[in-house]
Amino acid sequence: MNIKIAKTESDFIKCFEAMKALRPHLTLASFLSLIEEMKKETYTLIYIEENQMAVSVCGFRYLTTFFEGKYIYIDDLSTLPEGRGKGYAGKLFDFVVEKAKSEGLPAVHLDSGHQRFDAHRLYLNKGMKIVYHHFRLEF
């Protein structure tokens, strides 16, 4: 179970279906366009593949705030339905946690929709705590 870093357009295309499982509103064109912008903001996409296809993906970035300093924020963690239950998301999560620890960062953060119970089980089993409410104002 090798973890790879997506670097090329073909890598990103390989990751699209796994990302779309979490972000169904995306088209391939919007995904590729947004990736280019997000990379400028330290976004990194890692993945695990089976049969030349990414079955699980994790996108993260570095953020810096007054309350915590610099930390890693996980934007996306998604596995194709047929790949669930095989430990892929846990491996990607562990990779990000080890990266943060090796860089001396104090924490890894993520937000998750209220309805994502299976994801919450993973996060809680990995030792994460529910510590904030996330608010949004739409226009």
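Residues numbered from 1 in each chain as written. Predicted model: local features only at pLDDT ≥ 70, side-chain atom pairs only at ≥ 80, totals over all residues. Heavy atoms only, no water.

*Asks:* Could you clarify how one ought to interpret helix H2 (residues 28-39) in this entry?
*Replies:* Helical geometry note: an α-helix holds 3.6 residues per turn, so side chains three or four residues apart project in the same direction. In this model, H2 (12 residues) spans 16 Å end to end at C-alpha, consistent with the 16 Å of a helix rising 1.5 Å per residue. Turning to H2, its buried residues are Phe31, Leu32, Ile35 and Met38. End-on view of H2: buried residues confined to an arc of 130 degrees, all on one side of the axis. The inward-facing, buried residues of H2 contact helix H1 (9-22), strand S2 (44-50) and strand S3 (53-65). (Helix = DSSP H or I, 4+ residues; strand = E, 2+ residues; numbered from the N terminus. Expected span 1.5 Å × (residues − 1). Buried < 20%, exposed > 50% of the residue type's maximum accessible area, 1.4 Å probe, protein only. Arc of directions from axis to C-beta. Contact = heavy atoms within 4.5 Å.)

*Asks:* Looking at this structure, I do not really get the pattern of salt bridges. What am I missing?
*Replies:* A side chain of one charge can pair with a side chain of the opposite charge if their charged atoms are brought near each other. For the structure on display, the rule yields 12 salt bridges. For Lys39, the salt bridge is made with Glu36, and the minimal N-O distance between the two is 3.2 Å. With Lys39 and Glu36 both in helix H2, this residue pair falls 3 residues apart, about one helical turn. What makes Lys39 partly exposed here is its relative accessible area of 35%. Look at Glu36 and you get partly exposed, because its relative accessible area is 38%. Residues Lys99 and Glu103 are paired through a salt bridge, measuring 3.0 Å at the closest nitrogen-oxygen approach. For Glu103, a relative accessible area of 37% corresponds to the partly exposed category. (Salt bridge = Lys/Arg side-chain N within 4 Å of Asp/Glu carboxyl O.)

*Asks:* Would you explain the side chain of His109 in this entry?
*Replies:* Counting through the fold element by element, His109 comes out in strand S5 (residues 108-110). Dropping the residues within four chain positions of it, His109 is found in contact with Phe67, Glu68, Tyr71, Ile72, Tyr73, Ile74, Met128 and Tyr132.

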